[in-house]
Amino acid sequence: MRKPARDGRFCRGDLRNGVLAACFALALAAVGATRAAASCIAPLGNPAGGDEKRINAAFLNAADRPAPGAAAVLCANATYYLADVVQFRAADQQLYTEGRPTDGSRALLKVVGASSTAVIGQWLPGIHLSHVVVDGGGPGTCAGDMRALLEMGGGAAGQVIEHVKAYEPRGWTILHVSSGGFSSPGVPLCQAATVRDNDFGPSGRHEPCPAGVGPRPGLWADGISFQCGALTRADGSRVGSTVEHNRVTDATDVGIMLWAPYVRVADNQVVNVADQAFAGIAMTDFWSSECQDASGAVDKTTAFCNRWGTCRPGYTCRAGLEGHLEGTVVTDNLIDARESRISTGIAMGTHVGYCTSEGPMIGAAVLDNTLSGAYMGYGFAINGVTAWSFEGNVSYA
């Protein structure tokens, strides 16, 4: 729970005209308001859904307008059935379980409607998704909705996703922290996001889709798909993004997919025990361009328009990553093909997995990572990089 803000200039022991008494009254009122806002939202208990309406109402003020800083606090040990999407509405909003537990008492958000997405938090700075469990109701179908289970990022800074357990997406990934587009090649509009201490998976199935059935090539899905870069301060210094201390189990496409500069990816575990994956960690997609409409909204029915398709009417293929991974550090991660195959432990470069004339991936450092497991395919695959550092990595696979 956030403590009420206190203004030291106002509350400085001045007894004249009852100023100190007024200060205490305001403080007590703020505490009361905070406590009232933090009472948990009771679920309906209806397996057909509807709980998303109660949760979304917590993001609005008394006039039904988006309320910056509002918190939707879920009850511990409760299940919330979602017939539609939970959607953050303003900056600095929070969604979490009362008491912020990290065990099995976290509230469960269960997707039961047609959408593949449980939570959307794009284009809103400072939002905080934490201490919940999300069941995506997957796997999806070849002709179904492709969107991520958790859609975050966009043109926003300072988002945090932590202590979330999420699994069985119907779409292409569990967590998508999107770029929001690029202000120039290699400069995503998403800035300084943090993804830490999460437990993701299983995700998708390692099965191809028949040609012409739908927009997706297969039922495989990522664990974390990350496109958020750095916030540049007025003095020119940068606050980068962070992906750390996460565990991804049985992702069937890529455990952690990276498309952004100035990201620290550290101390994560990618483990496969029941289904196979193409890669544990991958930095291979040169363009990472997206179809966006005039408002910047991304059309996820056409993924990466520079490579795999053109945009639908009303959408434009915007500038992309163009290989820029400068300042990104991938370090101290464990990729474990424990009981099922991971085709490539860490994939680096545009020529790993593709026959392409695209330019190289540029500028990342891959340091002190470990591969293990009897079912590992290629270990560290590097082809199509420049200004790249690769040191201290070991394989016991």
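As shown above, the structure is provided for reference.
Once that is clear, we can look at the overall build of the protein chain. When its secondary structure is counted, the protein chain shows 3 helices and 39 strands. Sorting the 397 residues of the protein chain into buried and exposed places 51% on the buried side. Pairs at least 24 apart in sequence give 77% of the contacts found in the protein chain among residues at least 6 apart.

Moving on, we get to the sheet that holds strand β36 (residues 376-382). Strand order in the open sheet formed by 9 strands is β3-β6-β9-β12-β19-β24-β27-β32-β36, and the pairing between neighbours is parallel. Sheet topology places β3 (86-87) and β36 at the edges, where each strand pairs with a single neighbour. As paired elements, β3 and strand β6 (residues 119-122) share 2 bridges and run parallel to each other. When the sheet's bridge partners are listed, Val86 is paired in β6 with Val119.

Let us now look at the environment of Arg100. For Arg100, the position within the fold is in the loop between β4 (94-97) and β5 (107-111). Here the side chain of Arg100 touches Gln94 through a polar contact of 2.9 Å, side chain to side chain.

Let us look at the environment of Asp332. If you trace the backbone, Asp332 turns up in the loop between β30 (329-331) and β31 (334-336). Taking the relative accessible area as the measure of exposure, Asp332 reaches 39% and is therefore partly exposed. Sequence separation of Asp332 and Asp267 is 65 residues, and the distance between their C-alpha atoms is 5.0 Å. Those residues within four positions of Asp332 in sequence are excluded, and the remaining contacts are Asp267, Asn268, Leu367, Asp368 and Asn369.

Here we come to the sheet that holds strand β25 (residues 263-266). In spatial order, the strands read β1-β4-β7-β10-β15-β22-β25-β30-β34-β38; together these 10 strands make up an open sheet with parallel pairing. In this open sheet, the two edge strands, each paired with only one partner strand, are β1 (71-74) and β38 (389-391). In this sheet, adjacent strand axes meet at a mean angle of 10° when their direction is disregarded. In the sheet, strand β7 (residues 128-130) pairs with strand β10 (residues 160-162) via 3 bridges, with the strands oriented parallel. Considered in β10, the bridge of Leu129 is made with Ile161.

With that out of the way, let us pick up unusual backbone geometry. For the peptide bond that leads from Gly138 to Pro139, omega is 5°, which places it in the cis range. Tracing the sequence through the fold places Pro139 in the loop between β8 (132-135) and β9 (150-153). A cis amide bond, omega 5°, links Gly201 with the succeeding residue Pro202. Take Pro202: it is sitting in the loop between β16 (199-200) and β17 (204-208). Within the chain, His131 stands out as a residue other than glycine whose phi angle is a positive 55°. The backbone of His245 shows a phi angle near 60°, a positive value even though the residue is not glycine. You can call His245 partly exposed: its relative accessible area is 39%.

The tendency in soluble globular proteins is for nonpolar side chains to be buried side by side. With 76 residues, the main nonpolar core has Ile55, Leu95, Leu129, Val177, Phe226 and Met283 as its most contacted residues. Those residues in contact with Leu129 that lie beyond four places of it in its chain are Phe88, Leu95, Val119, Leu150, Met152, Val160, Ile161, Glu162 and Val164.

The rules behind each value
- The residue count restarts for each chain, going from 1 along the sequence in the order it is written.
- Given that the model is predicted, a residue must reach a pLDDT of at least 70 before its local features are reported, and side-chain atom pairs must reach 80 or more before they are shown or counted; all residues, however, enter totals for whole chains, interfaces and linings.
- Each side-chain value is derived from all of the structure's non-hydrogen atoms; neither hydrogens nor water enter the calculation.
- Elements are defined by DSSP. Helices are runs of H or I of four residues or more, strands are runs of E of two residues or more, and each kind is numbered from the N terminus.
- Think of it in three bands: residues with accessible area under 20% of the maximum for their type are buried, residues over 50% are exposed, and the middle band is partly exposed, with areas taken using a 1.4 Å probe on protein chains only.
- Only heavy atoms matter for contacts: two residues are in contact if any of them lie within 4.5 Å across the pair.
- Any two strands between which DSSP finds at least two bridges are classified as paired.
- Pairs of N or O atoms within 3.5 Å make up the polar contacts considered here, provided that, within protein, one atom can donate a hydrogen while the other can accept it, and that residues adjacent in sequence are counted only when both atoms are side-chain atoms.
- Here the axes come from fitting lines to C-alpha atoms, over the contacting stretch only for helices, and the angles between their N-to-C directions go from 0 to 180 degrees.
- Buried residues of nine kinds, namely Ala, Val, Leu, Ile, Met, Phe, Trp, Tyr and Cys, make up a nonpolar core once their side-chain atoms join them within 4.5 Å.

In short, shape yes, function no, at least from these values alone.
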